[in-house]
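Now for the letters of each chain:
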Amino acid sequence: MKKTLTMLAFLATLSAGAAIADDDDCFVPMADWQPREVVAQMALDNGWTVRRIKIDDGCYEIDGRDAQGRRIEVTVHPQTLQMIEFEYEDDDDD
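Note that the structure is a prediction, hence the values are computed from the model and not measured. Here the residue numbers are simple positions, counted from 1 along each chain's written sequence. Per-residue local features are limited, in this predicted model, to residues with pLDDT of at least 70; the limit for side-chain atom pairs, both in listing and counting, is 80 or more; totals at the level of whole chains, interfaces and linings are taken over all residues. Water and hydrogen atoms play no part in the side-chain values, which are based on all heavy atoms of the structure.

Enquirer: Please set out the confidence of the model for the protein chain residue by residue, giving values where relevant.
Expert: Confidence scores per residue from the predictor, reported as pLDDT, run from 0 to 100. The predicted model of the protein chain averages 82 in pLDDT, with 70% of residues at 70 or higher. Note on definitions: a residue-residue contact is assigned when non-hydrogen atoms from the two residues lie within 4.5 Å. With pLDDT under 50 throughout, residues 14-22 is counted as low confidence; its partners more than four residues away or in other chains account for zero contacts.

Enquirer: So what's going on with the state of the cysteines? Which residues, and what values?
Expert: Note on terminology: disulfide describes a covalent bond linking the sulfur atoms of two cysteines. Cysteine sulfur atoms are paired as a disulfide whenever they fall within 2.5 Å. Scanning the model with the defined rule gives one disulfide in all. Across the disulfide, Cys26 is cross-linked to Cys59 (sulfur-sulfur distance 1.9 Å). Of note, the bridge from Cys26 to Cys59 carries an S-S torsion of about 100° and is right-handed in sense. A residue pair is termed long-range when its members are at least 10 positions apart, and Cys26 in the loop between α1 (2-21) and α2 (36-45) and Cys59 in strand β2 (residues 59-65) qualify at 33 residues. For Cys59, a relative accessible area of 0% puts it in the buried group. To qualify as a helix, a DSSP run of H or I must reach at least 4 residues; to qualify as a strand, a run of E must reach at least 2; elements of each kind are numbered from the N terminus. Residue burial is assigned from relative accessible area. The probe radius is 1.4 Å, only protein chains are included, and a residue is buried under 20% of its type maximum, exposed over 50%, and partly exposed in between.

Below, the structure written as structure tokens:
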């Protein structure tokens, strides 16, 4: 009985861990990622000035400015280069 309860607890923990992992924006093996240079070129093609490209939650994240000079933060899928999220950063201190 104790062995069965231990196994059930383990399976419940494993399932909860898998659910948490699904919350990540991107889950792609690194071997399938586009190179960082391709991401930088995509940004330039969109008229953006790149300040930094980093990895966050398994996705590329571009910090920079758009063609109008507004600060932007863009989340990009590492395999397809599809834009997942596009945010304008507020320069105001309000």
